[in-house]
Amino acid sequence: CSCGGRCMGAGIGGDGVTDWLLLLKIALGTVLLFDVMLLLRRPTEGAVVTTLPASEELRRKGVNMVLMPLVVTFILVLDLLQGNSPLPSLALLALTMAYLALPRSLALESEFLLIDGWRIPLTRVLSVKPTEDGVAVSLERFGWLTEQNIPTGAVANALLERYGSAINATNSSSDRGSST
């Protein structure tokens, strides 16, 4: 190369595609490893816990259930086309499948709501509304307002029991205001 080996991509693997694939695998592997470690968190003693059946977990994952393995398979094919060792891509595929297959515990602890390994303080829960298949929990997460759907079960029932009085009080005060 005319730049004396200083051009972008002429590093570890010798060509740009191999280097970018390596960086992509490192980044994806780091994120997936972090997420798998989060999913291994267990609820505290005395928490109300629901572990979803596999069919419900797959429904909750949505398009990620198909998209994540496809992306890693694409990386594996690129590795094979480049003549790289497939072992890092196969390890990434195994980590992806572990991430998708691990059961996620939903738990209502004394001061936290455990969703997908994240412990969210109950002070961040803004509202709980019943839905056809569970409850919709509005909460502040990382400074953003978001809504999480919790399927019917012990955690959904406990959330409705805990926050139901606030919902009923709000509904009855709005009913009183509209009846005049």
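Residues numbered from 1 in each chain as written. Predicted model: local features only at pLDDT ≥ 70, side-chain atom pairs only at ≥ 80, totals over all residues. Heavy atoms only, no water.

Enquirer: So what's going on with the layout of surface pockets? Which residues, and what values?
Expert: Roughly 520 Å³ of internal volume is contained in the largest pocket. Lining the largest pocket are 22 residues; nearest its centre among them are Arg60, Lys61, Arg104, Asp116 and Gln148. If you list the elements that add at least two residues to the lining of the largest pocket, you get α1 (16-39), α2 (54-61), α4 (87-101), β6 (134-141) and β7 (144-151). Ranked by the residues each element gives to the lining of the largest pocket, the list is headed by α2, at 5 residues. Taken together, the residues that form the lining of the largest pocket break down as 8 nonpolar, 4 polar and 10 charged. (1 Å grid on protein atoms, 1.4 Å probe; cavity = no way out; pocket = protein on both sides within 12 Å on 5 of 7 lines; lining within 4 Å. Points joined across faces, edges and corners; volume = space filled by probe spheres on them. Helix = DSSP H or I, 4+ residues; strand = E, 2+ residues; numbered from the N terminus. Nonpolar A, V, L, I, M, F, W, Y, C, P; charged D, E, K, R; others polar.)

Enquirer: Kindly report on the nonpolar core, identifying the contributing residues and their values.
Expert: Ranked by internal contacts, the top residues of the largest apolar core, which has 18 residues, are Leu113, Val137, Ile150 and Leu159. Element by element, the count of residues in this core is highest for helix α5 (residues 154-178), at 5 residues. Contacts of Ile150, omitting those with residues within four sequence positions, involve Leu106, Ile115, Asp133, Gly134, Val135, Val137, Val155, Ala156 and Leu159. Core analysis: the second largest hydrophobic core is formed by 11 residues, Leu21, Leu32, Leu92 and Tyr99 among them. (Core = buried A, V, L, I, M, F, W, Y, C linked by side-chain atoms within 4.5 Å. Buried < 20%, exposed > 50% of the residue type's maximum accessible area, 1.4 Å probe, protein only. Contact = heavy atoms within 4.5 Å.)

Enquirer: Lay out the sheet that holds β7 with the relevant residues and their values.
Expert: A sheet is described by the order of its strands in space; here 3 strands give the open sequence β5-β6-β7, paired in antiparallel fashion. Single-partner strands in this sheet number two, and they are β5 (125-131) and β7. Between one strand axis and the next, the sheet turns by 20 degrees as a mean value, whatever way the strands run. Both β6 and β7 contribute to a ladder of 8 bridges, which runs antiparallel. By the bridge assignment for β7, Ala136 is matched with Asn149. (Pairing = 2+ DSSP bridges. Axes fitted to C-alpha atoms, helices over the stretch in contact; angles between N-to-C directions.)

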